[in-house]
Amino acid sequence: MKKSTSLSALCLASMLAVGLSSCSSTHVEAPAPLLPVPEPKQVEWQKMETYAFIHFGLNTFNDREWGYGDTPAEVFNPARLDCEQWARTLVAAGMKGVILTAKHHDGFCLWPFAGTDYSVANSPYKDGKGDIVRELSEACKKYGLKFAVYLSPWDRHQANYGSPEYLDYFYAQLRDLLTNYGEVFEVWFDGANGGDGWYGGAKETRTIDRRNYYNYSRIYEMLDSIQPQAVIFSDGGPGCRWVGNERGFAGATNWAFLRKGEVYPGYDKSYELQYGHADGDQWVAAECDVSIRPGWFYHPEQDSLVKTPEQLVDLYYRSVGHNGTLLLNFPVDRNGLIHPIDSANAVRFHQIIQEELKTNLVAGLTPQVSDERGGAYVASALTDNDYDTFWATTDSVVTADITFAFPSALRMNRMLLQEYIPLGQRVKAFTVEYRDASGNWQPVVLNEETTTIGYKRLLRFSSVVSDGIRIRITDARGPLCLNNIGVYDAGEQADKLFEEVQASKMQSFPFTLSGVNAESAAAASDRDEKTTCFVDGDLLTVDLGSERFVSSFHFLPDQSEPNRGLISHYELSVADADGQHVRKIKAGEFSNIRNNPVMQSVYFTPVKARYLYLKAVRMVTENEPMGFAEIAVR
Ligand code: FUL
C-alpha cells in the first residue's frame, strides 16, 4: 500500500507538471478489497500474535476453577505479589500484551470497585489499599507490554444477577476499568454461564437469555466511545472470536470470517469456530486461548503438569500459524508470582520459535511468479521484510506459481506465508513442492491440509534438501495478494514432529471394510506391513460403525515386490450414519507413489461421518485390484 500511495502521489505530481496528461502507463491500482475486510485495529491486534492471559483471584486461594461467589474476601492474601515479575516473565516469553481477569465468575474484583464490598479493598492484601489492575497496567507500561481486561458478565456473587439492575452494576464496572487504567487493546467477555451461584445468599440456579440479556450493543457503544482502539472478544466477536476450544489451536483451514449474527455465547456448533465460516460476511479472526497448566487458575497439584516448551511450540504453529492469535494463560500462584516452572517453560518455548524461524532462506530473493500485477505489486515485495508491500496478480488470475531457485541445495523444513489481509482473505488451496535430484517437482510431506493462509500460515514439513521450492496457489476467492514468504531450516529438532506423526498415523478409529472378505480385510488393520488387503473394483468403503469427527485418511500401499494395486489418482467422499448425504471432500493424486510407495495421507477439514469412500480414479497399473497393507482413519 505504501508504495502505491507514493506512486500515485508521484503520478499526480508529474501530471500537474506536464499539464494533466495521462500517466496511466506507470500507475497500477491495487486489487480491490474483497469483503469482508478487517478494520485497521483488527490488523494491529492480529500482528500481536502471542499475548498472555492471567487468571488470578479468590479461586487461586480456594483451589477452584469457578468460585461459587461466597468465599470471603479475607481469603485473598498474596504475600509476595509482584506485577513486575509477571511483566518481565511475559516479555521474556515473547508475549506482546496481557489480559487480566479483573473479575471472574465469582464476582471478586481485583480493583477497588466502589460498587461492591467484594474486592481487593476488603482483603488483607496491602491492608485493603491494593489495586492489581493498576499495578499490572503500570508494570505493562514500564516493560512495553499492551494491557487488557477480562470482565466476566456472569457474576455468582451479586444478589441482583439476572435482573435489569445488575446490568447497571456491570456497565459501571466496565466504565471504571475503561476510564481509569489507560489504554486497553482488548476487552474479553466470557460466554460461560453455568447458572447456579451464591447470588447474595439465594443459592439458586439462574438462567438468562445469553443472546440478549447483557444488551451488548449498548456495551459496544460504550467501548467505542471510551476506547475505540480496543478489540472486543466474545464467542462470536465482533472484534475477535473464540476458537471453539480451550486447547489453543485453530483448524488448518481457518477463515477469519463468520456469518454475521449467527454465533453467540452458548452457540451449539462451537466446533465451527475452529475453521470460521468460508461464506461469512463479517471479519472476526480467531483467538486461541489455552492455559499453560490444565486449569485456568493455580492449583499446587498441577505443578508437575505444566505444558512443556515443545507442547507450546506445537500450539504456536497451530494457532499463530493457522491464522489465529495465541492467548496463553499463566495461573499466578498463591504468592502472587508466576511459578518458576511456568516461567522457564514459556521462555524456552519462545527461544525455540526464535531459533526455528531465525534465518529466512529466501530473504531478499525475488521468486519467479507465473503472474504479476506490476506497478508496486511485484514479486520482490514478497521477501522485502515490509508488511505493507505486497505482490498481487492481475484481476482475472486466482492461481499462481511462486518459484524460488537457490544457487546450491539447501535443507528446508518450515515455511511462512502471509496474505495482505487489509484487502481481505483470499487463498482457498495451495501446495508446496521441492525440486528433486532429477529436476522433478515433488510435494513436501506435511502433517496437515494446505487450504487457507490468511494473516499467517506456518507449515512444518519433513526436511528436503533442494535447490528449488515452489508454492502453487490452486484456488482463491479473487486475485492474490501476498506480502511475505519465509523458508527456514529449523535445525536438529525439525523432523521430530514428523517422526511422531508417522508413528501415530496408524492409530485409527476401529473400522470394517464393506464388500471385502474378512480375512483380506484383517490384513488392512493387523499392523503387519507384509500382509495386504486387495480390494476389487475401484471403490473402498470404510465403515466406522458410528459417526465420528474425522480429519485424515492414511494408508500404506502394498509393500511386496513389485508393489501391486497402487492408486495414482483418487476421490475421497464421506456419508452420514445412514449412508445418506454423500459428499466429496477431497480429490487429488498420490504423487510419486510408484517410485516411493510410502504411507499416503489425505488431510481435510474435520467432518462428521460414518462412511468414507476412497475411489481410485486412476491406477498406476490398470485393472489391478487396489492394495492396502494398512489403513487408518483419524
Ligand atoms: C471460560 C471460563 O469459564 C474459564 O474459567 C476461563 O476463564 C476461560 C478463559 O473461559 O469460559
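Reading guide: rules and limits
- Residues numbered from 1 in each chain as written.
- Predicted model: local features only at pLDDT ≥ 70, side-chain atom pairs only at ≥ 80, totals over all residues.
- Heavy atoms only, no water.
- Helix = DSSP H or I, 4+ residues; strand = E, 2+ residues; numbered from the N terminus.
- Rg over C-alpha atoms; globule rule 2.2 N^0.38 Å.
- Buried < 20%, exposed > 50% of the residue type's maximum accessible area, 1.4 Å probe, protein only.
- Near = heavy atom within 4 Å.
- Polar contact = N/O pair within 3.5 Å; in protein donor to acceptor, adjacent residues only side chain to side chain.
- Areas by Shrake-Rupley, 256 points an atom, 1.4 Å probe, with all protein chains shown as cover.
- Nonpolar A, V, L, I, M, F, W, Y, C, P; charged D, E, K, R; others polar.
- 1 Å grid on protein atoms, 1.4 Å probe; cavity = no way out; pocket = protein on both sides within 12 Å on 5 of 7 lines; lining within 4 Å.
- Points joined across faces, edges and corners; volume = space filled by probe spheres on them.
- Pairing = 2+ DSSP bridges.
- Axes fitted to C-alpha atoms, helices over the stretch in contact; angles between N-to-C directions.
- Contact = heavy atoms within 4.5 Å.
- Domains from an automatic or database assignment.
- Buried area = accessible area lost by both parts, 1.4 Å probe.
- Salt bridge = Lys/Arg side-chain N within 4 Å of Asp/Glu carboxyl O.
- Core = buried A, V, L, I, M, F, W, Y, C linked by side-chain atoms within 4.5 Å.
- Phe/Tyr/Trp six-rings, centres within 6.5 Å; stacked < 30°, edge-to-face > 60°.
- Lys NZ or Arg CZ within 6 Å of the ring centre and 35° of its normal.

*Asks:* What is the right way to read the overall build of the protein from this model?
*Replies:* Helix and strand counts for the protein stand at 11 helices and 26 strands. Relative to the globule expectation of 26 Å for 634 residues, the C-alpha radius of gyration of the protein, 27 Å, shows essentially globular dimensions. Along the longest, intermediate and shortest principal axes, the C-alpha atoms of the protein span 80 × 80 × 45 Å. Counting the 634 residues in the protein, one finds 57% classified as buried.

*Asks:* Sorry, what's going on with the site of the ligand here?
*Replies:* Taken together, F53, H55, W66, H104, H105, Y150, W188, D190, A192, E246, D289 and W296 make up all the residues around the ligand. H105 has a polar side-chain atom sitting 2.9 Å from an oxygen atom of the ligand. Across the complex, the protein chains shield 92% of the 290 Å² of accessible surface that the ligand would expose by itself. Of the residues contributing to the shell around the ligand, the split by class is 6 nonpolar, 3 polar and 3 charged.

*Asks:* Help me understand empty space enclosed by the protein, please; the structure alone is not making it clear to me.
*Replies:* A probe as big as a water molecule, rolled over the atoms, marks out the empty space that is left. Taken as a whole and judged by the stated rule, the model has 2 cavities of 30 Å³ or more. Forming the walls of the largest cavity are F56, G57, L58, N59, T101, A102, K103, H104, D106, F108, L110 and F297. Elements supplying a minimum of two residues to the lining of the largest cavity: α3 (58–62) and β2 (97–103). Ranked by the residues each element gives to the lining of the largest cavity, the list is headed by β2, at 3 residues. As a volume, the second largest cavity reaches approximately 40 Å³. Together, P153, W154, D190, G191, A192, N193, R210, Y214, Y216 and P265 line the second largest cavity.

*Asks:* What is the right way to read the pairing of strand β7 (residues 231–234) from this model?
*Replies:* Alternating residues of β7 divide into V231 and F233 and I232 and S234, and every residue in both groups is buried. With 3 bridges connecting them, strand β4 (residues 186–188) and β7 associate as parallel partners. Across the sheet, the residue bridging to W188 is F233, located in β7. As paired elements, β7 and strand β8 (residues 240–242) share 2 bridges and run parallel to each other. Among the inter-strand pairings, S234 is bridged to a residue of β8, identified as R241.

*Asks:* Explanation requested: the sheet that holds strand β12 (residues 324–331) in the structure shown.
*Replies:* In a beta sheet, neighbouring strands are held together by backbone hydrogen bonds and run either parallel or antiparallel to one another. If you walk around this closed barrel you meet the 8 strands as β1-β2-β3-β4-β7-β8-β11-β12, and the pairing is parallel. Shown here is a sheet whose adjacent strand axes are inclined to one another by a mean of 25 degrees, direction ignored. The pairing of strand β1 (residues 50–55) with β2 spans 3 bridges and is classified as parallel. Within β2, the residue paired with I54 across the bridge is L100. Seen against the sheet, helix α8 (residues 309–319) touches β1, β11 (285–291) and β12 and runs at an angle of roughly 145 degrees to β12.

*Asks:* Mind showing me how you'd approach the domain arrangement of the protein here?
*Replies:* If you check the domain split of the protein, you get domain 1 (9–30 + 359–501), domain 2 (42–356) and domain 3 (512–633). The gap between the C-alpha centroids of domain 1 and domain 3 is 33 Å. In this assembly, 7 residues from domain 1 lie in contact with 6 residues from domain 3. Here domain 1 and domain 3 share an interface that buries about 480 Å² over both sides, 47% of which is from carbon and sulfur atoms. Area buried by domain 1 at its contact with domain 3 is led by Q442, P443 and E449, which between them contribute 66% of it. Viewed at the interface, domain 3 and domain 1 are joined by 1 salt bridge. A salt bridge links E449 to K586, with the shortest nitrogen-to-oxygen separation between them at 3.8 Å. At the surface where domain 1 touches domain 3, the tally comes to 1 residue pair in polar contact (both at pLDDT 80 or more). Of the residues in the side of domain 1 that touches domain 3, the class split is 3 nonpolar, 2 polar and 2 charged.

*Asks:* Could you clarify how one ought to interpret the nonpolar core in this entry?
*Replies:* Here is a general trend for soluble globular proteins: nonpolar side chains tend to be buried in one another's company. In terms of nonpolar packing, the biggest core is built from 81 residues, with F76, W86, I132, F147 and Y214 touching the most fellow members. Three or more residues apiece are contributed to this core by two domains, here domain 1 (9–30 + 359–501) and domain 2 (42–356). Setting aside its immediate chain neighbours within four residues, I132 contacts F56, F76, L81, C83, W86, L100, L110, V120 and Y125. In terms of nonpolar packing, the next biggest core, distinct from the first, is built from 38 residues, Y267, W283, A376 and A392 among them.

*Asks:* Looking at this model, I keep getting lost on the packing of aromatic side chains. Mind explaining?
*Replies:* The geometry of two aromatic rings is summed up by the distance between their centres and the angle between their planes. One pass over the structure, following the stated rule, counts 44 aromatic pairs. Both rings, one in Y271 and one in F549, keep their centres 5.2 Å apart while their planes meet at 65 degrees; by these two values the pair is edge-to-face. Residue Y271 is located in the loop between β9 (257–258) and β10 (282–283), and its partner F549 is located in strand β22 (residues 539–557); the two are separated by 278 residues in the primary sequence. Take F549: its relative accessible area is 38%, and that puts it in the partly exposed class. Positioned over the ring face of Y387 is K47, at 4.2 Å from the centre of the ring. Between R564 and the ring centre of F534, over which it is positioned, the NZ or CZ distance is 4.8 Å.

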